[in-house]
Amino acid sequence: MIKIYINGREYEVAAGQTIMEAADKLGYHIPRLCYHPKLSIEGACRVCIVEVEGMRNFVASCAYPVTEGMKIRTNTKEIRRTRRDIVELILDNHPQDCHTCERNSNCELQRLSESMGIQRRHFEGEKKHYDKDLSSPAVVRDPDKCILCGRCVRMCSEVQNIHNLTQAHRGFKTVVMPAYNMPMDESVCSTCGQCINVCPTAAFMEYNYTQDLFEKLNDDSLTKVVQFAPAVRAAIGEAFGMAPGNNMEGQLVAALRKLGFDYVFDTQFSADLTIMEEGSEFLERLQNKGKLPLITSCSPGWMKCVEQFYPDMLDNISTCKSPMSMAGALIKTYFAEKIETDPKKILSVAVMPCTAKKYEADRPELEVDGMKTTDIVITTRELAWMIKSAGLDFINMPGEKPDAPMGVSSGAGAIFGVTGGVMEAAIRTAYELFTGETLVDIEMDNLRGLSGVKEGKLEIDGEEIRIAVAHGLGNASKLFDIVRKEPDRFHFIEIMGCPGGCIGGGGQPYCHAFSESLGEECLAARAKALYDIDRGKTIRRSLDNPDVQKLYKEYLQRPMSEMSHKLLHTHYKA
Ligand code: HC1
């Protein structure tokens, strides 16, 4: 421990940390902009400057380490004025459109400006202008809103290992763009939306479909059907000021009905269905010496990444569609037949924590008989805005249950939304499919938690099955480097494209409760909510889901049947 002084008060702090880290723990929040705890230090914005006795210039507290006897001042008149000048200069090259901006009231630049008491503009002059890139169905890039903090660039390269974004040009013309200024939809963007999660302004946003959806909800000629993903319920409360990790499932269902949906289904149902298909596919590959390791395919950002960077591994990818696309296919076939409605008159909507699901919904590989099966995907953030815009009292709404025949789910379906959950769910069912016996110890601690790559093994019918789990595309590439070197090391691999799995999706609410999106406490709280849902269920294995059993009996016959292949499976190509 060392002694430091902040604003004249003496403290004992651990050596080896930055001034900002030490100050945070002592309750001094130094303003910041380019800093993000998940990313390397950039030190570009200088908003976090402090005064250190003996230093000629102010230092960036995000980068400067504490030393014995250091005397730090965080809030002098000069520091306040200099910080304000820095933020004013950023604002002078920023559009004056806060009241029409999508990040209005949850923009970090706006908050910073307010906290610094910036109430008038000193400088006016030329502003940079670049066109908005609306080419991608998932992620919109608006360079005019960019303040060059570099968080998106670091996220895309350091965490996701995609390296799509870079800073181009120099000085006043500096701009963040994909290589060669390629449109986002032609670039290698995985559409994961993690750039949105770390962007302090609206320079990166999801493609917003809310106005279109509001219009369609008023169209009486349509039957409006919606499904919502596991991770949405664990995070949407945050958009209404609640702490992360409150399970808002009942309120979600009620709000979706109040918005005008005729039927509300739970994607956890089709997560159970995915397990039936994927577990059977794994068994078939194992018994018939098919291509292993089998790799999960439900994360669409991950699928785009495989197609672009690992085309040699495409045969390892499960042919199962994602739970969202399985539900979409069933909505336009099985359910359309049940309610005797022309599928063209059904509006199939999905509420997802993920921006890449917008891209997935547009993929021709997921159509059934030339028909798109998920018409509109909105993120958790977009739904929260719709609920507020419709004037619904979300938090105090009495909870309701989803509809039959796709409303019942097992605990295994719930944990799909957190890293390791798909594998845990798969094992619970695969064990019984393999052995005919019920797995007793169904919680797999070695697959839980936020380590980047997790490994495990279990014995099924005398055979050792080796498994691995990775979350975030950077960790996925680390795991893939291992698999390329040792192709026989694993039998089954789960990969989710976002940090923490879908709970950390690019469409989740900005996690204000812990100040930065993707903070570990925030992700852990959302994960706990899903594990608690699992523990609270009487049915915890997908194969025990009575509505899934009924679906097979009435329509699909059995996992991997001809009908299952037609509706629930696909092939990806490079
Ligand atoms: Fe996910 Fe999935 S878990 S991909 O993260 O397999 O988006 O939550 O809905 O489809 O079930 C997302 C979440 C989600 C699918 C499921």
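What counts, and where the lines are drawn
Residues numbered from 1 in each chain as written. Predicted model: local features only at pLDDT ≥ 70, side-chain atom pairs only at ≥ 80, totals over all residues. Helix = DSSP H or I, 4+ residues; strand = E, 2+ residues; numbered from the N terminus. Rg over C-alpha atoms; globule rule 2.2 N^0.38 Å. Buried ≥ 20, exposed ≤ 12 C-beta atoms within 10 Å, placed from the backbone. Arc of directions from axis to C-beta. Contact = placed C-beta atoms within 7 Å. Pairing = 2+ DSSP bridges. Axes fitted to C-alpha atoms, helices over the stretch in contact; angles between N-to-C directions. Domains from an automatic or database assignment. Parallel < 35°, antiparallel > 145°, perpendicular 65-115°, else oblique. Left-handed = near helix turned anticlockwise from the far one by under 90°. Nonpolar A, V, L, I, M, F, W, Y, C, P; charged D, E, K, R; others polar.

### Side note on the overall build of the protein
Check the secondary structure of the protein and you find 19 helices and 17 strands. Here the C-alpha atoms of the protein give a radius of gyration of 25 Å, agreeing with the 25 Å that 2.2 N^0.38 yields for 574 residues. In terms of overall dimensions, the protein has a C-alpha envelope of 75 × 55 × 50 Å along the principal axes. When burial is assessed residue by residue, the protein has 49% of its 574 residues classed as buried.

### Observations concerning helix 3 (residues 108–115)
Every buried residue of helix 3 is listed here: Glu 108, Leu 109 and Leu 112. Within helix 3, the buried residues cover an arc of 100° as seen down the axis, which keeps them to one side. Here the buried face of helix 3 lies against helix 2 (77–92). A positive backbone phi angle near 70° is found at Gly 117, which sits one or two residues after helix 3.

### Considerations on the sheet that holds strand 10 (residues 223–228)
Strand order across the open sheet formed by 4 strands is 11-10-13-14, with parallel pairing between neighbours. Two strands close off the open sheet at either side, each with one partner strand: strand 11 (263–266) and strand 14 (376–379). Within this sheet the neighbouring strands show an average axis-to-axis angle of 25°, counted without direction. Pairing between strand 10 and strand 13 (residues 346–352): 6 bridges, direction parallel. The residue bridging Phe 228 from the neighbouring strand is Val 351, located in strand 13. Lying on the sheet, helix 11 (residues 323–338) is in contact with strand 10, strand 11 and strand 13; it crosses strand 13 at an angle near 155°.

### Section: the pairing of strand 7 (residues 165–168)
Relative to strand 8 (residues 175–178), strand 7 is paired through 4 bridges, and the arrangement is antiparallel. Looking at the pairing, Leu 165 lines up with Pro 178 of strand 8. The antiparallel pairing of strand 7 with strand 8 creates a hairpin that spans 6 residues between the two strands, and His 169 there sits at a positive phi of about 65°.

### Considerations on the domain arrangement of the protein
For the protein, the domain assignment lists domain 1 (2–75), domain 2 (101–207) and domain 3 (211–568). The C-alpha centroid of domain 2 is placed 27 Å from the C-alpha centroid of domain 1. Contact with domain 1, which involves 11 residues of that partner, is made by 12 residues of domain 2.

### Topic: the packing of helix 9 (residues 267–287) against helix 15 (residues 421–435)
Two elements in contact, helix 9 and helix 15, have axes separated by 9 Å at closest approach and are oriented at 55°. In terms of orientation, helix 9 lies oblique with respect to helix 15. Note that helix 9 runs across helix 15; the crossing there is right-handed. Touching Ile 275, Met 276, Glu 278, Gly 279, Ser 280, Phe 282 and Leu 283 of helix 9 are Ala 425, Ala 426, Thr 429, Ala 430, Leu 433 and Phe 434, all from helix 15. Split into classes, the residues belonging to the contact of helix 9 with helix 15 amount to 9 nonpolar, 3 polar and 1 charged.

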